[in-house]
Each structure stands twice: as structure tokens, then as C-alpha cells.
Amino acid sequence: MKIIQIINGHVNVILGINSELSDYRIENACKKCSISHNEDGKFTNTCLKRNGGCGCPLNAKTSSKNAECPKRIWFNETIDFDKLKEYEQKK
Ligand code: SF4
């Protein structure tokens, strides 16, 4: 994620901007993606680097309109449910 997107994402969280978009991405993609879950299977709200993610906090990342999921499971306002399923089956 580019520095400008990181700043933008954190500002959006503080101001509540794009919260619906963030909720949509988190509820439908990130919470169903194993990359954001720890070894106990708990959702961490982070795209965990040790699981192959980017290391970003998800509330900020998903609040930035131009941010992209590192696995391309979501982008813009689209979620690729087939890609999510495919990724989870490959693990
Ligand atoms: S890889 Fe994509 S869907 Fe999975 S936790 Fe990271 S941002 Fe969310």
C-alpha cells in the first residue's frame, strides 16, 4: 500500500469516511480470508504478513477507495468471491 493510501485510510477511519465500503470489504472478504486470522483462528483485523498478507490494519486499508487487496480478492467496490474461494481451497 502506498504511503498516501495509508494516510488516507487512517484519516478516513478517524472521520468515518467510506465506512460502508470498509464494512463491505471486511465482512465479505477479509473476515472470510485466512490471511487475517491468527493461529487460533481468530480474526485480527490485520492483513497478516506472516500469512502472506501486506501487514496493513484492515480498517484503514479498506477505508481507502484506491487501496487493493494484495491477493486481488477485492478491488474498487468489487469482491471476487471466486478468487476468495479458490485461494482458501489452495491453502
Ligand atoms: S488478503 Fe485481501 S481479503 Fe485477505 S485479509 Fe488481506 S486484504 Fe483482506
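It should be emphasised that the depicted structure is a prediction, and the values quoted were computed from it without experimental measurement. (Residues numbered from 1 in each chain as written. Predicted model: local features only at pLDDT ≥ 70, side-chain atom pairs only at ≥ 80, totals over all residues.)

## Considerations on the overall build of the protein chain
- From N to C terminus, the protein chain includes four helices and two strands.
- Taken against the 2.2 N^0.38 rule, which gives 12 Å for 91 residues, the C-alpha radius of gyration of the protein chain at 12 Å falls within 12% of a compact globule.
- Relative to its 91 residues, the protein chain shows a buried fraction of 27%.
- Pairs at least 24 apart in sequence give 51% of the contacts found in the protein chain among residues at least 6 apart. (Helix = DSSP H or I, 4+ residues; strand = E, 2+ residues; numbered from the N terminus. Rg over C-alpha atoms; globule rule 2.2 N^0.38 Å. Buried ≥ 20, exposed ≤ 12 C-beta atoms within 10 Å, placed from the backbone. Contact = placed C-beta atoms within 7 Å.)

## A look at the site of the ligand
- For the ligand, the full set of nearby residues is Ala29, Cys30, Cys33, Ile35, Ser36, Cys47, Gly53, Cys69, Pro70, Lys71 and Ile73.
- Residue composition of the shell around the ligand, grouped by class: eight nonpolar, two polar and one charged. (Near = placed C-beta within 6 Å. Nonpolar A, V, L, I, M, F, W, Y, C, P; charged D, E, K, R; others polar.)

## Notes on the confidence of the model for the protein chain
- On average, residues of the protein chain carry a pLDDT of 94, and 99% of them reach 70 or more.
- When pLDDT is averaged over each helix and strand of the protein chain, the minimum, 90, is found for helix H1 (residues 3–15) and the maximum, 97, for helix H2 (residues 19–28). (pLDDT = per-residue confidence, 0-100.)

## Quick look at the nonpolar core
- Core analysis: the largest hydrophobic core is formed by twelve residues, namely Ile26, Ala29, Cys30, Cys33, Ile35, Cys47, Cys56, Leu58, Ala60, Cys69, Ile73 and Trp74.
- When near neighbours in sequence (up to four residues on either side) are disregarded, Cys69 contacts Ala29, Trp74 and Phe75. (Core = buried A, V, L, I, M, F, W, Y, C linked by C-beta atoms within 7 Å.)

## Section: the environment of Thr44
- Within the fold, Thr44 resides in the loop between H2 and helix H3 (58–61).
- Classification of Thr44 as partly exposed rests on a count of 16 C-beta atoms within 10 Å.
- Sequence separation between Thr44 and Cys30 is 14 residues; the distance between their C-alpha atoms is 9.8 Å.
- For Thr44, the residues in contact, after removing those within four places along its chain, are Ser36, His37 and Asn38.

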